[in-house]
Amino acid sequence: DAKDRRLNEDYVFQQFGVKPDQIADYLAMVGDASDNVKGIKGIGPKSAAKLLGIFGNLDSILQDAPTSSLISTGIRNKLLAADRQQIALSRRLVALDTQIPIPNLYTYPQSSSAPWDEVLEFADRNSLSAFKTRVIREKNRHVSSPQADEEDGTLGKKYDY
């Protein structure tokens with residue numbers, strides 16, 4: 001079932017051909033239509049994965065790939081023609097902000113004082129409607145049976161982000 005799928009390193013590599021820490025660089029290169037992020041014209045998923053496999057990250061690709069003999073002339077030309085400012089913008093748009101404070105509901109395993117309202121306000125402030133729906137569902141499950149997570153061993157383990 002898709003909602004129970006573990007989003008771990010193996011899954012990311014199988015889906016994209018890159019490591020999780022390379023996803024932002026990958027998306028900056030291929031673009032992300034769902035978020036209206038432009039990629040590098042002519043660079044598709046296979047080329048992006050290959051380049052990241054060789055050079056490791058987008059900065060190294062932009063610096064070293066245009067003069068490298070490890071890649072084809074066609075890819076080299078596409079990288080040379082790429083708009084560096086647009087690539088930088090795309091990279092910023094797809095990067096995750098890891099400095100956002102998110103309350104950990106699992107630190108309140110048997111308490112009705114879990115910060116549900118704080119998390120729901122966070123979701124509203126950041127226009128995270130799908131996340132808010134999941135929080136409401138989890139809140140209803142947790143509040144109706146706070147011991148359920150501990151008994152079935154899923155406390156803090158359902159999602160492997």
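The shown structure was predicted, so the numbers you read here are calculated from the model rather than taken from an experiment.

Caption draft 1: Representation of the packing of helix α2 (residues 23-30) against helix α6 (residues 84-94) in the model. At a minimum axis distance of 8 Å, the contact between α2 and α6 shows a crossing angle of 135°. Between α2 and α6, the crossing angle belongs to the class labelled oblique. Here α2 and α6 pass one another in a crossing that is right-handed. Within the contact between the two elements, α2 uses Ala24, Asp25, Leu27 and Ala28 and α6 uses Ile87, Ser90, Arg91 and Val94. Looking at side-chain class alone, the contact of α2 with α6 contains five nonpolar, one polar and two charged residues.

Caption draft 2: Layout of the confidence of the model for the protein. Summing up the model confidence of the protein, the mean pLDDT is 81 and the portion of residues at 70 or higher is 76%. Counted against residues more than four places away or in other chains, residues 151-161, with its pLDDT under 50, gives 19 contacts.

Caption draft 3: Layout of helix α1 (residues 9-16). With a side-chain oxygen lying 3.3 Å from the backbone nitrogen of Asp10, the N-terminal cap of α1 falls on Asn8. Immediately beyond the C-terminal end of α1, within one or two residues, lies Gly17, with a positive phi of roughly 80°.

Caption draft 4: Seen up close, unusual backbone geometry. For Asn36, which is not glycine, the phi dihedral falls at a positive 55°. Residue placement: Asn36 occurs in the loop between α2 and α3 (45-55). Residue Asn36 is classed as exposed on the basis of its relative accessible area of 68%. Notably, Ser127 is not glycine yet its phi reads approximately 55°, a positive angle.

Caption draft 5: Quick look at the side chain of Ser68. Within the secondary structure, Ser68 sits in the loop between α4 (58-64) and α5 (73-81). Ser68 gets classed as buried once you look at its relative accessible area, which sits at 11%. Other than its neighbours up to four places away in sequence, Ser68 contacts Phe55 and Arg76.

Cut-offs applied
Residues numbered from 1 in each chain as written. Predicted model: local features only at pLDDT ≥ 70, side-chain atom pairs only at ≥ 80, totals over all residues. Heavy atoms only, no water. Axes fitted to C-alpha atoms, helices over the stretch in contact; angles between N-to-C directions. Helix = DSSP H or I, 4+ residues; strand = E, 2+ residues; numbered from the N terminus. Parallel < 35°, antiparallel > 145°, perpendicular 65-115°, else oblique. Left-handed = near helix turned anticlockwise from the far one by under 90°. Contact = heavy atoms within 4.5 Å. Nonpolar A, V, L, I, M, F, W, Y, C, P; charged D, E, K, R; others polar. pLDDT = per-residue confidence, 0-100. Polar contact = N/O pair within 3.5 Å; in protein donor to acceptor, adjacent residues only side chain to side chain. Buried < 20%, exposed > 50% of the residue type's maximum accessible area, 1.4 Å probe, protein only.

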